[in-house]
Amino acid sequence: MDKKQPIGVFDSGVGGLTVLRNFIKSFPEEDFLYVGDTLYCPYGTKTKEQIENRVEAIIHYFEEQQVKAIVIACNTATANSYHIKSQIPILRIIEPAAQAALEVSKHIGVLATNYTIDSKAYDVFLKDKMMGVRCSSFVDIVEKGDLQTKNSYEVVKKTLKPLENKVDTIILGCTHFGLLLPEIQEALPNVNIIDSSNCLSPVLKKYLEENHLKNHQQQGTITITCTGNPKDIQMDWFQFPYQGVYQVVIER
Ligand code: DGL
C-alpha cells in the first residue's frame with residue numbers, strides 16, 4: 001500500500017456524497033475516487049443476492065484501481081458486506097454509528113432502508129435498545145431531489161410517527177437521510193440525531209495514521225463517477241469544487 005494511492009468511496013447513489021463531503025473537509029490532501037451505483041439504485045428494496053453482486057462488483061473495481069482503502073459509505077451495502085474478503089482494507093459505516101448512539105442513549109430509533117432494518121445489522125450492536133423504522137421511501141425522495149417540499153415533509157412525518165415519544169435519540173442509518181434533516185427534525189423535534197455519514201471520518205483518520213498512509217501532497221483530487229446516467233447524480237447541494245469525471249465505470 002502506498003500513501004499516494006486514492007481512497008475508494010461508494011454508495012448506491014448520492015447518499016455517500018455526504019460522507020465524501022466530510023472527508024474532503026477533514027482530509028484535503030487525499031485523492032478520492034467516488035462511485036455512485038446509480039444504475040442499480042436503490043439498494044434498500046433489492047434482494048440479498050442483488051446487493052451482494054453489486055457490492056462485490058464495486059469492490060472488485062476498486063481493487064483494479066488500486067485504492068489504499070475502500071469506504072462503504074452505505075449502510076445497506078455494509079449490511080451485506082461482512083462476508084467479503086479483499087486484500088484492501090474495507091471501512092464500514094454501521095458499527096461506528098451504533099457506538100456513537102450508545103454513548104448517549106438506551107432508547108434509540110434507527111431510520112434505515114428496508115433491507116438494513118430487515119437484515120438486523122444494527123440490532124447486532126444495539127440489541128433491545130433500538131426501534132427500527134423501514135424508510136426506503138426517503139431514498140426515492142432524495143434521489144429525485146424532492147427536498148423540502150410538501151410531499152417530503154408529509155412522507156417523513158407519516159413514516160416516523162411510530163417513534164414519537166418512544167426514543168430520545170435517532171440514527172440516520174442511511175447516508176441519504178442527512179439531506180432530509182429539516183423534514184426529520186420537524187417530525188421528531190427534541191431528539192439527538194446521529195448521522196451515520198458523520199461517523200466515518202474518525203475511522204478513516206485512525207486507519208491512515210496507524211498504517212502511515214497519509215498523503216502529504218498540497219491538494220487532493222476528487223473523481224466522481226456513476227454507473228448510470230450522469231444526470232442521476234444531483235449535486236446542487238454538494239457545495240465543493242470537484243473534478244466531476246462522469247462516466248460508466250462498471251460493466252452492466
Ligand atoms: N445510502 C444507502 C444507505 O446508506 C442506501 C440507499 C438505497 O440505495 O436504498 O443505506
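Up top is the structure these notes are about.
In this text the structure is predicted, and so the values were computed from the model without any measurement.

**Let's talk about the sheet that holds strand β4 (residues 90–91)**
- Taking strand neighbours across the sheet as the criterion, the 5 strands line up as β4-β3-β1-β2-β9 in an open arrangement whose pairing is parallel. Each of the sheet's edge strands pairs with one partner strand only, and the pair in question is β4 and β9 (222–226).
- Pairing of strand β1 (residues 7–11) with strand β3 (residues 69–72) involves 4 bridges; the strand directions are parallel. What sits directly across from G8, in β3, is I70.

**Points about the site of the ligand**
- Close to the ligand lie 13 residues; S12, Y43, N75, T76 and H176 are nearest.
- At 2.6 Å from an oxygen atom of the ligand is found a side-chain nitrogen or oxygen belonging to S12.
- Protein contacts shield 100% of the accessible area of the ligand, which totals 300 Å² for the unbound molecule.
- The cavity that encloses the ligand is the largest cavity.
- Broken down by class, the residue content of the shell around the ligand amounts to 5 nonpolar, 7 polar and 1 charged.

**With respect to empty space enclosed by the protein**
- Following the criterion strictly, the structure yields 2 cavities of 30 Å³ or more and no others.
- Its boundaries defined by the atoms lining it, the largest cavity holds a volume of some 60 Å³.
- As for the largest cavity, its lining consists of D11, S12, P42, Y43, G44, C74, T76, T113, V139, C174 and H176.
- Among the residues making up the lining of the largest cavity, the classes are represented as 5 nonpolar, 5 polar and 1 charged.
- Lining the second largest cavity are I24, F27, P28, E30, F32, Q219, G220, T221 and I222.

Thresholds, definitions, all that
- Every chain's residues receive numbers from 1 upward, in the order its sequence appears when written.
- For a predicted model such as this one, the threshold for reporting local features is a pLDDT of at least 70, and the threshold for listing and counting side-chain atom pairs is 80 or more; totals across whole chains, interfaces and linings nevertheless cover every residue.
- Calculated side-chain values reflect all of the structure's heavy atoms, with hydrogen atoms and water omitted.
- In this description, strands pair whenever DSSP reports at least two bridges between them.
- Helical segments are the DSSP runs of H or I of at least four residues, strand segments are the runs of E of at least two, and each set is numbered from the N terminus.
- By convention in this text, a residue qualifies as near a molecule or strand provided that one of its non-hydrogen atoms is within 4 Å of it.
- Pairs of N or O atoms are called polar contacts if they sit within 3.5 Å, as long as, within protein, a hydrogen donor faces a hydrogen acceptor (for residues adjacent in sequence, only side-chain-to-side-chain pairs).
- Method for areas: the Shrake-Rupley scheme with a 1.4 Å probe, in which residue coverage is limited to the protein chains shown.
- Only protein atoms enter the 1 Å grid used here, on which a cavity is any set of points holding a 1.4 Å probe that cannot leave and a pocket is any open set flanked by protein within 12 Å on both sides along at least five of seven lines; residues with an atom within 4 Å of a point are listed as lining.
- By definition, a pocket or cavity contains a molecule when more than half of the molecule's atoms lie within 2 Å of the pocket's grid points.
- Under the scheme applied, nonpolar residues are Ala, Val, Leu, Ile, Met, Phe, Trp, Tyr, Cys and Pro; charged residues are Asp, Glu, Lys and Arg; polar residues are all the others, including Gly.
- Grid points are joined across faces, edges and corners, and a volume is the space filled by probe spheres set on the points.

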